[in-house]
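One-letter residues, chain by chain:
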Amino acid sequence: MGLKIERKVARLPASFDIEKHGDRLAAWVKQSSVFGPDWELQSISVNERTVTAIRRNAVTEVTETTVRSRPRKLLGLPRGTKPSDADKYAAEYADTFPDFFMTKFDPYLLQATVTKMSPEEVRCRDAVAGALGVKPWDVQVFAHRGGGFDLELPPTYTPSKHDDKLSEVATTIVGRPGWFVRTQPAKLTAQIVPADLPSFEKAYPYPTLGRLRPKSLSESLQLPLGMRLGGPGEPNDQLEFDFDGTPGALVSGTAGSGKSVTVNALIFGALQRGWQLVVVDVPHKAIDYEWVKPYVRPNGFGCASKAASLTALKLVYEEGQRRAGLLAEHGVQKWQELPDNVRAANPLILVIMDEVTGLFASDPIPKALPKDHPERIEAEQHAMETDLLKMVTAKIPAEMRFVGIRIILATQMAQANTGISVPLKTNLANRVLQGANPSKSARGHALNDPDAAPHIPEWIRADKGQSRGVGVAELEGQVPCVFKSFYASTDSYLQALERLGAPKTLTPEPTAAQIDKHVPRLDDGLDEDGDPRPQLAEPTKRFGAKKRELEDWEIDPVTGKPLTGFAKANAARHQLGGS
C-alpha cells in the first residue's frame with residue numbers, strides 16, 4: 001500500500017488499574033515518553049499487562065506497479081485528507097510525475113493512484129467524465145493498439161441517461177462518424193469501437209437468379225427483398241419478406257423512388273418459387289409489367305381497363321372460395337397444412353396492384369345530363385366499377401390469407417382520401433416506403449409507427465449511388481430497418497424464368513365473357529345503332545356483337561321493364577353484396 005503503519009508494544013506501569021485508569025489510557029499513550037503525540041491506542045492485554053499503539057507514517061510512500069502495460073504508482077495520503085482535496089492532489093501529482101495522471105483518489109483509505117497515460121487517453125477520459133458528470137479519476141480509460149478505448153465506468157452510469165452522450169464522445173470528440181459505443185451496464189464497462197459509417201453498394205444484384213425453386217415449404221414462403229443496413233460495426237445482411245402469416249404488404253413511394261424495382265424483385269421471387277401471379281394496374285402504366293404478362297395465371301393480367309382489373313380480382317376471389325372448400329375437405333385450417341401434392345397443385349397466388357390511387361379514382365358524374373344520357377351512364381358505370389374494385393380489393397387480404405393468396409398494393413400516396421381505407425391498411429401491416437428523403441406526411445401515411453421507424457442516414461441520402469433504391473421496411477416479426485432493394489433488369493428476370501421453365505399462359509387477360517359475367521352494366525351495352533358500346537381506356541373488345549339477355553336483378557319487378565341509371569346501379573351493388 002502507499003501508506004506505512006508502525007506498531008509498538010509497551011508494558012503498562014505497575015500502578016495501572018484497568019478499572020480506574022482505562023478511560024485515561026488513550027491520553028496516556030499520547031503523553032507517554034514511550035509513545036508520543038503521533039501514536040494512537042490500538043489495544044491492551046490485561047493478562048500480559050501490555051499496550052499496543054500504532055502510528056501512520058507521515059512521509060508519503062510510493063509503490064510502483066504495472067497494469068495493462070501501463071506504469072502505475074500507488075501513493076499514500078496524509079491523515080486528515082478530505083474528498084474535496086482531490087483537485088489539489090491531482091494538480092500536484094501532474095507536476096511531480098510527468099506523463100502520470102491521477103486515476104484513483106480514496107481519502108478514507110489514505111491512498112491515491114497515478115497512471116501513465118497517453119494524450120489520447122487523457123482526452124478520452126476527460127470527455128467521458130464530462131459526459132457522465134463525474135471527476136476524470138472516476139473513469140478508467142485504456143487505449144487499444146488498433147484504435148478505440150476500453151472504459152471502466154462509475155456506479156452513477158445509467159444507460160438511458162448517458163448512452164447518447166457517450167455516442168457523441170465517440171463520434172465527435174475521440175473518433176469520427178461511424179465510431180460507436182458498446183456498453184455492459186451490469187459490469188460497468190464499455191468500449192469505444194472504431195468503425196466506418198454503415199453504407200450501401202451502388203447496386204445489389206438479385207441473389208439466386210436462375211436457381212431451382214426451393215423444395216422446403218419455409219423456403220417457398222420467403223421472398224428476398226434487399227440488403228438491410230447494418231448497425232454500427234455490423235455488416236449489412238439480406239432482408240427477406242416472410243409471407244407465412246401475412247396477407248400482404250403496402251408499398252409506397254413517389255415516381256423514381258425505386259418502387260417498381262422492389263415490386264419486380266418480389267414478382268420474380270414469387271415466380272421462382274412456383275407461385276401464381278396476378279397483375280392489376282391502370283392502362284397507361286401496364287407497360288411496366290408487359291415483361292411478366294406471359295407468366296401470370298390464366299386471365300390474371302387485369303390492366304386493359306377498370307372492368308378488366310375488377311374481373312381479374314373477382315376471379316382470384318372465386319379461386320379463394322374454391323380453395324376454402326378444399327381446406328374443409330382435408331380438415332385443415334390453412335394452405336400451409338395441406339398435403340404436399342395438394343399444395344403443389346394449388347400454389348400460392350401473389351396479387352400485385354400497382355397505381356392503386358389511379359385504380360381507386362373515378363371521374364365526376366355529369367349530373368346536369370339526363371340520367372339516361374350515354375356519357376352520364378358511362379361515368380356512373382365507371383364509378384360503380386371503382387366501388388366494386390375497392391370492395392373486392394379489401395376482401396382479399398381480409399378473407400383470403402388462409403387459402404394461400406397474398407396481395408401487394410403499390411401506390412405513390414397511401415392515405416384514405418386516395419381510396420386506401422383504414423381497414424385495408426390495417427390488414428396490410430407490412431409496410432415498405434421507398435425513397436431516400438420522403439416527407440414527414442408521406443412517412444405518416446405509409447408507415448405504422450413513423451416515430452419508431454428509422455430514417456435514411458444523411459450520408460446515404462447525399463450519395464446518389466447509395467441512395468438509389470433505398471427505403472424503410474416495417475415487416476412483421478422484424479425490427480424496422482433501412483434497406484436497399486435487389487436489382488436485376490427485366491431481361492435478366494425473363495432469361496432466368498426461361499431457364500427455370502416457369503409456366504406460361506396463352507390467355508393472360510380476362511376474356512370478354514368473363515368481364516360480362518363479373519362486371520354489371522348500367523345499360524345493355526349497346527349504342528343507339530345496336531352496336532357494342534366501347535369501354536373507356538379499353539383497347540380490347542369487351543362485349544360480343546349480340547345483345548345479351550338481361551338477368552332477373554336487371555328488371556324492375558313492378559313494371560317489368562329494364563332498370564336504368566341509378567336504379568340499375570343500386571341493384572348491381574345489392575347483387576354484389578349478395579353474391
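Cut-offs applied
Numbers given to residues run from 1 along each chain, matching the order in which its sequence is written. A pLDDT threshold of at least 70 governs which residues receive local features in this predicted model, and a stricter bar of 80 or more applies before side-chain atom pairs are shown or counted, although totals over entire chains, interfaces and linings include all residues. The basis for every side-chain value is the complete set of heavy atoms in the structure, and neither hydrogens nor water enter the calculation. Summary of the burial criterion: residues with accessible area below 20% of their type's maximum are buried, those above 50% are exposed, and those between are partly exposed, where the area comes from a 1.4 Å probe applied to protein chains only. The secondary structure listing takes helices from DSSP runs of H or I that are at least 4 residues long and strands from runs of E that are at least 2 residues long, numbered from the N terminus. Two strands pair under a simple rule: DSSP has to find at least two bridges between them. Pairs of residues are marked as contacts when any of their non-hydrogen atoms sit within 4.5 Å. Every axis corresponds to a line fitted to the C-alpha atoms, with the helix fit spanning only the stretch in contact, and the corresponding angles, defined between N-to-C directions, vary from 0 to 180 degrees. For a helix, the expected span equals 1.5 Å multiplied by the residue count minus one.

A.B. asks: Before we move on, could you go through the pairing of strand S20 (residues 470-474) and cite the residues and values that matter?
C.D. replies: Walk down a regular strand and you will see the side chains alternate between the two sheet faces. Within S20, five of the five residues are buried, which leaves the element mostly enclosed by the surrounding structure. Of the two faces of S20, the one holding Val-470, Val-472 and Glu-474 and the one holding Gly-471 and Ala-473 are both buried throughout. Two strands pair when backbone bridges link them, and strand S19 (residues 430-434) and S20 are joined in this way by four bridges, in the antiparallel orientation. Residue pairing in the sheet places Gln-434 in a bridge with Gly-471 of S20. Both S20 and strand S21 (residues 481-485) contribute to a ladder of four bridges, which runs antiparallel. Residue pairing in the sheet places Gly-471 in a bridge with Phe-483 of S21. In this antiparallel pair of consecutive strands, S20 and S21, the connection spans six residues, and Gly-477 shows a positive phi of 80°.

A.B. asks: Can you lay out the sheet that holds strand S18 (residues 405-411) for me, pointing to particular residues and giving the numbers?
C.D. replies: As summarised here, the arrangement of the 10 strands in space is S13-S12-S21-S20-S19-S14-S18-S17-S15-S16, forming an open sheet in which the pairing is mixed. Because the sheet does not close on itself, it has two edges, and the strands there are strand S13 (237-242) and strand S16 (301-302). Packed onto the sheet, helix H8 (residues 306-330) meets strand S15 (276-280), S16, strand S17 (349-353) and S18 and runs at close to 150° relative to S15. Each of S17 and S18 is contacted by helix H11 (residues 374-399), which is oriented at about 130° to S18, the strand it contacts most.

A.B. asks: Tell me about helix H4 (residues 119-132), and name the residues and values.
C.D. replies: In this model, H4 (14 residues) spans 20 Å end to end at C-alpha, consistent with the 20 Å of a helix rising 1.5 Å per residue. Here H4 has its buried residues at Glu-121, Val-122, Cys-124, Arg-125, Ala-127, Val-128, Ala-129, Ala-131 and Leu-132. Remark: Gly-133 follows H4 within two positions and exhibits a positive phi of approximately 70°.

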